[in-house]
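Per-entry structural report
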Protein chains: 2
Amino acid sequence: MTEEFKTSKPIYSQIADRIIQQFVRGEIRPGEKLPSVREMAIQSGVNPNTIQRTYGELERMGVVESRRGQGTFMTEQIEMRNQLRADIQRDIVAAFIENMRGIGLEDREIAYAVEQFLVKREEDK
Amino acid sequence: MTEEFKTSKPIYSQIADRIIQQFVRGEIRPGEKLPSVREMAIQSGVNPNTIQRTYGELERMGVVESRRGQGTFMTEQIEMRNQLRADIQRDIVAAFIENMRGIGLEDREIAYAVEQFLVKREEDK
DNA sequence: CCTAGTGTACTATGTAACTAATACACCAAT
DNA sequence: ATTGGTGTATTAGTTACATAGTACACTAGG
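Residues numbered from 1 in each chain as written. Chains lettered and ligands numbered in written order. Predicted model: local features only at pLDDT ≥ 70, side-chain atom pairs only at ≥ 80, totals over all residues. Heavy atoms only, no water.

1. Observations concerning the side chain of Asp107 of chain A
The condition is simple: In DSSP terms, a helix is any run of H or I states spanning at least four residues, a strand is any run of E spanning at least two, and both are numbered starting from the N terminus. Only protein chains enter the accessibility calculation, which uses a 1.4 Å probe; a residue is then buried when its area is under 20% of its type maximum, exposed when over 50%, and partly exposed in between. Polar contact criterion, stated in full: a pair of N or O atoms within 3.5 Å, where within protein one must be able to donate a hydrogen and the other to accept it, and residues adjacent in sequence count only if both atoms are side-chain atoms. Whether two residues touch is decided by their heavy atoms; if any such pair falls within 4.5 Å, the residues are in contact.
In this structure, Asp107 of chain A sits in helix H5 (residues 107-124). Using a relative accessible area of 16% as the deciding quantity, one classes Asp107 of chain A as buried. At a separation of 2.6 Å, a polar atom in the side chain of Asp107 of chain A contacts the side chain of Arg101 of chain A. Once residues within four sequence positions are removed from consideration, Asp107 of chain A is found in contact with Arg101 of chain A together with Leu118 and Glu122 of chain B.

Here you go:
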């Protein structure tokens, strides 16, 4: 499974985002072992050094814990999941509002645009 | 006025975004002359080449028109403004929805989050 | 003990993006 | 014609990123 990566963002960061998403969605459980840097590198079709950078970034955030000789594990702290989701959600919404106001939209227009987009998507099913 | 730029995105692109925003908001009128590459460079505290890249990108989009020896001007086509706003708005909303669904949120939760954020901001005033 | 698998560290290389500095080409006004 | 202001082109330097290769440290299991 050789994935595709966007060129606008570093690969190591995109992989980190994916892991966090999977954790927040419950697809990765607290304390679960992640693939080794070498194995994850093969899965993702990148260099092991890139994965190490990914794990290092996640460890700096406190999301994973690396144990030499054993592997890299998702954090045991279950409250981290809700906290992560809350923080990420806040950042996403804040950036969205800022972008929309940047093109001159008022609050009611912003809310309306979201509703319309979701309704339209529903119709496309 | 030496502005601050994010490191995650090229400066020339951030300046281009700002110009488009000003145009969409009506702060820059169709056909209006923009500052020269050198003057804009001084205003923004960057190299003239960075501004040239900004103008080049905008010209490629058809938003501005550069005339050698005269200057760079906003497009005369007034319909470009609405088209730009519509396109940008669609991209912003689409990216927002994708991000929110990425952390496992359903459509109703997404709409609710936007409403809550706007209500909270209103209270902060 | 020994081996395999793990994370970690280090150097080197290549590439691309961004920024910078400089020189050149054009236009308008004097 | 000259001058000043304009866009344009070329070249170079810096940085971040990704890759490659190698070596080391630790752990678990046989």
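2. So, the pattern of salt bridges
Short version of the rule: Salt bridge criterion: a side-chain nitrogen from Lys or Arg within 4 Å of a carboxyl oxygen from Asp or Glu.
One pass over the structure, following the stated rule, counts 14 salt bridges over all chains. Here Asp87 of chain A makes a salt bridge to Arg90 of chain A, at a shortest N to O gap of 3.5 Å. Highlighted residues: Asp87 of chain A and Arg90 of chain A, both in helix H4 (residues 79-102), separated by three residues, approximately one helical turn. Judged by its relative accessible area of 45%, Arg90 of chain A falls in the partly exposed class. Ionic pairing is found between Asp107 of chain B and Arg101 of chain B, a salt bridge with its closest N-O pair at 2.6 Å. One salt-bridge network, in which partners are shared between bridges, spans Asp87, Arg90 and Asp91 of chain A.

3. Looking at the protein's contact with DNA strand C
The cut-off we apply is this: Near is defined per residue: the residue qualifies when any heavy atom it owns lies within 4 Å of the molecule or strand. In the scheme used here, Gly and all other residues not listed as nonpolar or charged are polar, with Ala, Val, Leu, Ile, Met, Phe, Trp, Tyr, Cys and Pro taken as nonpolar and Asp, Glu, Lys and Arg as charged.
Taken together, 24 residues surround DNA strand C, and among them Val37 of chain A together with Pro10, Ile11, Asn47 and Asn49 of chain B come closest. Backbone sugar and phosphate groups make up 65% of those atoms of DNA strand C lying within 4 Å of the protein. Between Gly69 of chain A and DNA strand C, the recorded distance is 3.3 Å, taken from a backbone N or O atom to a base oxygen. Within the contact set of DNA strand C, a phosphate oxygen lies 3.3 Å away from a side-chain nitrogen or oxygen of Thr72 of chain A. Only helix H2 (37-44), helix H3 (48-61), strand S2 (64-67) and strand S3 (71-74) of chain A together with helix H1 (11-24) and helix H3 (48-61) of chain B provide two or more residues apiece to the surface near DNA strand C. In terms of residue class, the surface near DNA strand C is built from five nonpolar, 13 polar and six charged.

Structural measurements only, silent on function.
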